[in-house]
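A structural walkthrough
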Amino acid sequence: MNETVEIIVTEVSGWDGIEAGEHRFGGAEFRLGPREVGHVHQWGILDIAFPRRVRDQLVKEGRTEPHHIFPESGWTTFRIEEADDVEDALWLLRLSYLSHAKAVKRTVTDNVLSGLAVDSELASLEPSEELRAVL
């Protein structure tokens, strides 16, 4: 794995409730309970799961691209080409994580996310008004 990808794996692996493991097509996969938040391939492609309306807005804003294999799904692809891309990659992963955490917190009563302030963390990411409306 290249150094940039390792930084992402280390950071995301430390988030509450995240289980990191090997992805079946190479790289690392990040799961929050039964939900996959995303995965990063060793060669720098980051695939992230979003609800479709969130994905559409992120693509419209130019923050990411439709998924490279399944462009009509809620999945996105972000290409990590240089060290400066790490911050954007982590922003996208955190957005996905918080989106999934919101749903998981509603369905699981006793979990490690009980102390996570999802709404305030989402606000701290400073999404656009249009993105905030679909979150």
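As shown above, the structure is provided for reference.
Residues numbered from 1 in each chain as written. Predicted model: local features only at pLDDT ≥ 70, side-chain atom pairs only at ≥ 80, totals over all residues. Heavy atoms only, no water.

Right, let's get into the packing of helix α1 (residues 3-13) against helix α3 (residues 85-107). The interhelical angle for the contact between α1 and α3, taken along N-to-C directions, is 35 degrees, at an axis separation of 10 Å. α1 and α3 meet at a crossing whose hand is right-handed. Where α1 abuts α3, its residues T4, I7, I8, E11 and V12 lie against V86, A89, L90 and L93. (Axes fitted to C-alpha atoms, helices over the stretch in contact; angles between N-to-C directions. Helix = DSSP H or I, 4+ residues; strand = E, 2+ residues; numbered from the N terminus. Left-handed = near helix turned anticlockwise from the far one by under 90°. Contact = heavy atoms within 4.5 Å.)

Turning our eyes to something else, we now look at α3. The terminal C-alpha atoms of α3 lie 33 Å apart, and with 23 residues this matches the ideal 33 Å at 1.5 Å per residue to within 8%. Summarising burial for α3: 17 of the 23 residues are buried, a large majority. (Expected span 1.5 Å × (residues − 1). Buried < 20%, exposed > 50% of the residue type's maximum accessible area, 1.4 Å probe, protein only.)

Right, let's get into the pattern of salt bridges. A full pass over the atoms with the stated rule returns 10 salt bridges. For the salt bridge of R132 with E129, the shortest nitrogen-to-oxygen distance reads 3.7 Å. Of this pair, R132 and E129 both sit in helix α5 (residues 129-134), three residues apart, roughly one helical turn. With relative accessibility at 58%, the residue E129 sits in the exposed group. (Salt bridge = Lys/Arg side-chain N within 4 Å of Asp/Glu carboxyl O.)

Attention shifts here to the sheet that holds strand β1 (residues 18-22). Here six strands make up an open sheet; going across it, the order is β1-β2-β3-β4-β6-β5 and the pairing antiparallel. The sheet is open, and its two edges are formed by β1 and β5 (65-66), each paired on a single side. Pairing between β1 and strand β2 (residues 28-32): five bridges, direction antiparallel. Opposite E19, over in β2, you have R31 as the bridge partner. Set on the sheet, α1 makes contact with β1, β2 and β3 (35-40); between it and β2 the angle comes to about 20 degrees. (Pairing = 2+ DSSP bridges.)

Among the nonpolar cores identified, the biggest contains 36 residues, and F30, L93, L95 and Y97 are the most heavily contacted of them. Contributions of two or more residues to this core are made by α1, β2, β3, β4 (45-49), α2 (52-60), α3, α4 (118-124) and α5. When sequence neighbours within four positions are dropped, the list of residues in contact with L93 reads I8, V12, W15, F30, V37, G38, L46 and I48. (Core = buried A, V, L, I, M, F, W, Y, C linked by side-chain atoms within 4.5 Å.)

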